[in-house]
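Here's the letter readout for the chains.
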Amino acid sequence: MTHDIVIVGGGVGGTVTANRLRKKLQREVSGGNVRIRIVSDNPEHVYKPTFFYVPWGESEPEDARRPLADLVDRRVELIYDRVTHIDTSGKSLDLSENGSMPYDYLVVATGAMPDLDDTPGFGPDGDGHHFYDAEAAMALRQELSAFDEGHLVLSVIGTPHVCPAAPVEFTMLADSRFRKLGKRDDIDITYTYPLPRLHSVGPVAEWAEPRYAERDIQTQTMFNPETVDSGNSVIHTVEGTDLEYDLLVGIPEFEPSPLIAKSGLGDTWMEVDKHTLESDHAEDVFGIGDVTNLPTSKAGSVAHYAAGTVVDRIAALVRGHEPRTIFEGDTICFLEAGADEGSHISFDYETDPVVRDQSEFVHWAKFAYNEMYWLTARGLA
Ligand SMILES: Cc1cc2nc3c(=O)[nH]c(=O)nc-3n(C[C@H](O)[C@H](O)[C@H](O)COP(=O)(O)OP(=O)(O)OC[C@H]3O[C@@H](n4cnc5c(N)ncnc54)[C@H](O)[C@@H]3O)c2cc1C
């Protein structure tokens, strides 16, 4: 009997899972007892953390992309198509172009997307920039390079968003890049956050506060943008305050694909057991990465570590064993501190977040990791 393992999504979680499963189940794959397939709506693998450096001219959009076929073991079948529905009782997927596809075990790794329509006036039809895709990051690059004076506002419009550290990192980088260019005296920087402190992760808020003060970065907390008046360059908040800007960079709230709710896998986010990563609503269905409701950050490291758990559990099931490996919530995020220094934060379900000492070494380690990432995706590191 052939076990059909299907992975939806060719991003961080899906690619690492496929390569590691192929290795772990080498005997079964070679013997024709296991077939591993990825269905992805994008023939390219996109490593999104690279986009963070595009606005500063320190990376190019092409650096973030590689053909999925170059990263995935040749014994994994690749199907480039969009999954439109998951029938969890009949154990099959509906594809946009290729009919339906059965599965025995399913891994959902479809990620999350920014909701750009949630705040009137912000987004493609209004004002406000972001760096969550190649085009937006390039548009922001153009604005930043021409920005010599005025008020830069980085506003966290909603949570959750991917890479929780990114807004703090962006303001630190902005301060340091403008200083290097000799523009900082003519540019004011304000960071806004929707909660009563600077970040939802307490230690990150505590880390940022003195550094912002030292670098003259203004802050506003309990600041929830309701509309952006692009004609007058003003943000109006739910709290009734206004903030004028000359250049607005927004961090929108993220959402999963409607596929999840449509397929009964969760009201919005895919609902999974936080340790086994199995769906709360369907048998033999696992979720990893940004699409899930896991009580931790939406970060590449989480997708990567979770992939290890799912691989072990599916391999055990295929071999008729009791799955034992569980996910402990391992999370690690780099924190750019500006001035060519960096730090990182790590935690899991049981251990509180700790922000480590910042150093030049960690700043360069982040760059090195982004290069090494392509080995990680191949399941080699
Ligand atoms: C600017 C930026 C900076 C970041 N920086 C960091 C960082 O420094 N550190 C860190 O750990 N994380 C960072 N992240 C977050 C990290 O990129 C994500 O957490 C990670 O990519 C999540 O992996 P994933 O597999 O869940 O989703 P993704 O990598 O987004 O992959 C989702 C895949 O699913 C496919 N897909 C979606 N819907 C369908 C469908 N219906 N049918 C078929 N295929 C589908 C997509 O095409 C894609 O291939 C950053 C993200 C951004 C945007």
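Residues numbered from 1 in each chain as written. Predicted model: local features only at pLDDT ≥ 70, side-chain atom pairs only at ≥ 80, totals over all residues. Heavy atoms only, no water.

Draft legend 1. Structural view of helix α8 (residues 300–318). When the terminal C-alpha atoms of α8 are compared, their 27 Å separation across 19 residues agrees well with the 27 Å that a helix rising 1.5 Å per residue should span. For α8, the buried fraction is high: 15 of the 19 residues fall into the buried class. A positive backbone phi angle near 75° is found at Gly320, which sits one or two residues after α8. (Helix = DSSP H or I, 4+ residues; strand = E, 2+ residues; numbered from the N terminus. Expected span 1.5 Å × (residues − 1). Buried < 20%, exposed > 50% of the residue type's maximum accessible area, 1.4 Å probe, protein only.)

Draft legend 2. Highlighting the sheet that holds strand β21 (residues 341–347). The strand order across the open sheet formed by 3 strands is β20-β21-β22, and the pairing between neighbours is antiparallel. Two strands bound the open sheet, and with one partner strand each, they are β20 (331–338) and β22 (354–355). Two strands pair when backbone bridges link them, and β20 and β21 are joined in this way by 7 bridges, in the antiparallel orientation. Considered in β21, the bridge of Cys333 is made with Ile345. Sheet contacts for helix α9 (residues 360–377): β20 and β21; angle to β20, the most-contacted strand, approximately 120°. (Pairing = 2+ DSSP bridges. Contact = heavy atoms within 4.5 Å. Axes fitted to C-alpha atoms, helices over the stretch in contact; angles between N-to-C directions.)

Draft legend 3. Representation of the pattern of salt bridges in the model. Here the structure, examined in full by the defined rule, presents 17 salt bridges. Here Lys180 and Asp340 are joined by a salt bridge, their closest N and O atoms 3.4 Å apart. On the criterion of sequence distance, the pair formed by Lys180 in helix α5 (residues 166–180) and Asp340 in the loop between β20 and β21 is long-range, its members being 160 residues apart. Judged by relative accessible area, which is 57%, Lys180 ranks as exposed. Residue Asp340 is classed as partly exposed on the basis of its relative accessible area of 21%. (Salt bridge = Lys/Arg side-chain N within 4 Å of Asp/Glu carboxyl O.)

Fair warning: the whole summary comes from geometry, so function is off the table for now.
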